[in-house]
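Single-letter residue listing:
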Amino acid sequence: MGVMSLYRRVLCVPPWNPLLPRHRRITGPQGDVRKLLEEAEVEVEPPRVPKRSPKSSSIVLFPGQGSQQVGMARGLLGFPNVQSMFSAARQVLGYDLLDLCLRGPTELLNRTVHCQPAMFVTSLAATEKLSQEDPEAIESCVATAGFSVGEYAALVFSGALDFTEALYAVKIRAEAMQKASELVPSGMLSVIGYPQAKYSVACAEAREHCKSLGVDNAVCEIANYLFPNGRVIAGHIQALQYLQTNSRKYHFLRTKMLPVSGAFHTHLMEPAVEPLHKVLKTLEFKQPYVPVYCNVDGKRYKHASAIPKLLVKQLVTPVRWEQTMHAIYERKKGMDFPITFEAGPGKQLGSILKICNLKAWKSYRNVDVFEKETVSQP
């Protein structure tokens, strides 16, 4: 058995990761998995990636919370390594994540504490399918990014972080965000505005409205920059209700409450900062082999040491996805675009890409995680 096959089988790490990470022991339910990881330690020289033309290169995007659906991962189970990934997840999480993905119930899957690990594992499992059906898409990847929790999947995909360690961090993150969400009634409001929409003014006046109701230190902030004139505003529920009632005043074309339990990527997530910071300090981050673009500023990570700091900051600052799309797909006029793959349930990132860059979207593909597959094991 070759080195690559050995540590793929034992570690449940994606096949494109050119180095087996050196693992630090962290306390938690994943101890048995960590022992396997340490016993299989191997060092391999990183490959040199040749330059490729845009048409023969790819970009892989990972969706975030909100794209989940019961039945996801059903179309992935026949592909190598997927079962092992979910088995490792069961040890780390302490429950059967695969059964939850396949059978629900929806109410349980939608809970932050379950949804984030489910999105993380399913999205990386989708890249196993991609690697089997289109190996060149993996080998030719020139950039990757993930929305919110999807950024953790992007980091694993790039070789910056080990699968199991990242899953443990996602577990702690999800638990902390769930607890923070339960402290005050809060939520997230999707807004599509006219060009003259006044988002900052709307948020400020919504906070004043909350103050008049006796809500101290009211929060109402832009949490996601999705596309031109597309935002997600998050904060106290009273503020969001005010914005819906007064949407015309602020030139909002359409508003919709999102099915999430809290005001993610705002200051209401401050209680989740310390638990996440604590676990990220125990992990080893490596320089990505594929450029990874950061949610906080829309730029690619230049140094591995910056990754944990920005992942913590990501909790309480907006996801700048629109800016990330512009940074990844910036091209001189007339140049071709790489093929874009969305690895995970749904096509929400593809829909956003279509608005941000229609030419780039024409080379978009979704890696289907729902359809039934009959793929024989090697």
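This section reports on the structure supplied with the text. Counting of residues starts from 1 at the beginning of each chain's written sequence and follows it residue by residue. Whole-chain, interface and lining totals are the exception, using all residues; otherwise, since this is a predicted model, local features are given only for residues with pLDDT of at least 70 and side-chain atom pairs are given and counted only at 80 or more. The basis for every side-chain value is the complete set of heavy atoms in the structure, and neither hydrogens nor water enter the calculation.

Let us look at the sheet that holds strand E3 (residues 186-193). The strands making up a sheet associate through backbone hydrogen bonding, with each pair oriented either parallel or antiparallel. Paired strands, as defined in this entry, are two strands with at least two bridges between them according to DSSP. Helix and strand assignments come from DSSP, with helices taken as H or I runs of at least 4 residues and strands as E runs of at least 2, each series counted from the N terminus. Sheet architecture is open: five strands sit in the order E6-E3-E5-E4-E8, paired in mixed fashion. Both edges of this open sheet fall to strand E6 (252-257) and strand E8 (319-320), since each of them pairs with a single strand only. Across the sheet, helix H14 (residues 321-329) is in contact with strand E4 (220-227), strand E5 (230-236) and E8; its angle to E4 comes to roughly 30°. By definition, residues are in contact when any of their heavy atoms lie within 4.5 Å. Axis definition: a line fitted to C-alpha atoms, limited for helices to the stretch in contact. Angles are taken between N-to-C directions and run from 0 to 180 degrees.

In this section: the environment of Gly346. Counting through the fold element by element, Gly346 comes out in the loop between strand E9 (339-343) and helix H15 (348-356). For the pair formed by Gly346 and Gly66, sequence separation is 280 residues and the distance between their alpha carbons is 9.2 Å.

Moving on: the packing of aromatic side chains. Here is the rule: rings of Phe, Tyr and Trp (six-membered ring for Trp) pair when centre to centre is within 6.5 Å. Planes less than 30 degrees apart are stacked, more than 60 are edge-to-face, and the remainder are tilted. For the coordinates displayed, the defined rule picks out seven aromatic pairs. For a ring to carry a charge above it, either NZ of a lysine or CZ of an arginine must fall within 6 Å of the ring centroid while also lying within 35 degrees of the normal to the ring plane. One cation-aromatic arrangement involves Arg231 over Tyr199; the distance from NZ or CZ to the ring centre is 4.9 Å. Stacked on the ring of Trp361, the Lys or Arg Lys354 has its end atom at 4.4 Å from the ring centre.

Here we come to the pairing of strand E2 (residues 141-146). Counting buried positions along E2 yields five of six residues, so the element is predominantly enclosed. As defined by bridge partners, strand E1 (residues 58-62) adjoins E2 across five bridges and the pair is classed as parallel. By the bridge assignment for E2, Ile59 is matched with Ala143. Summarising the sheet, E2 and strand E7 (residues 292-293) pair through two bridges and their orientation is parallel. Paired with Ala145 across the strands is Tyr293, a residue of E7. Buried means the residue's accessible area, taken with a 1.4 Å probe over protein chains only, is under 20% of the maximum for its type, while exposed means over 50%, and partly exposed covers the values in between.

Here we come to the sheet that holds E7. Overall, parallel pairing links the five strands, which are arranged E7-E2-E1-E9-E10 in an open sheet. Edge positions in the open sheet fall to E7 and strand E10 (364-367), since each of these has one partner strand only. Strands E1, E2 and E7 of the sheet are contacted by helix H8 (residues 150-157), whose axis makes an angle of about 150° with E2. Contacting E1, E9 and E10, H15 runs over the sheet at an angle of about 145° to E9.

The interhelical angle for the contact between H8 and helix H13 (residues 307-314), taken along N-to-C directions, is 165°, at an axis separation of 11 Å. By the criterion of interaxial angle, the relationship of H8 to H13 is roughly antiparallel. H13 is crossed by H8, and the crossing has right-handed handedness. Along its contact with H8, which presents Glu151, Tyr152 and Leu155, the element H13 presents Ile307, Leu311 and Gln314. Here is the rule for angles: anything less than 35 degrees is roughly parallel, anything more than 145 is roughly antiparallel, 65 through 115 is roughly perpendicular, and the remaining ranges are oblique. In this scheme, a crossing is called left-handed if the near helix is turned counterclockwise away from the far one by less than a right angle; it is called right-handed if the turn is clockwise.

Each packed pair of helices is defined by two parameters, the angle between the axes and the distance between the axes. At a closest axis distance of 9 Å, the pairing of helix H6 (residues 112-133) and H8 adopts a crossing angle of 40°. With respect to the hand of their crossing, H6 and H8 are arranged in right-handed fashion. For the pair H6 and H8, contact is made by Phe120, Leu124 and Thr127 and by Tyr152, Ala153, Val156 and Phe157, respectively. Here the term charged refers only to Asp, Glu, Lys and Arg, the term nonpolar to Ala, Val, Leu, Ile, Met, Phe, Trp, Tyr, Cys and Pro, and the term polar to all other amino acids, Gly among them. Here the contact of H6 with H8 is built from residues that sort into six nonpolar, one polar and no charged.

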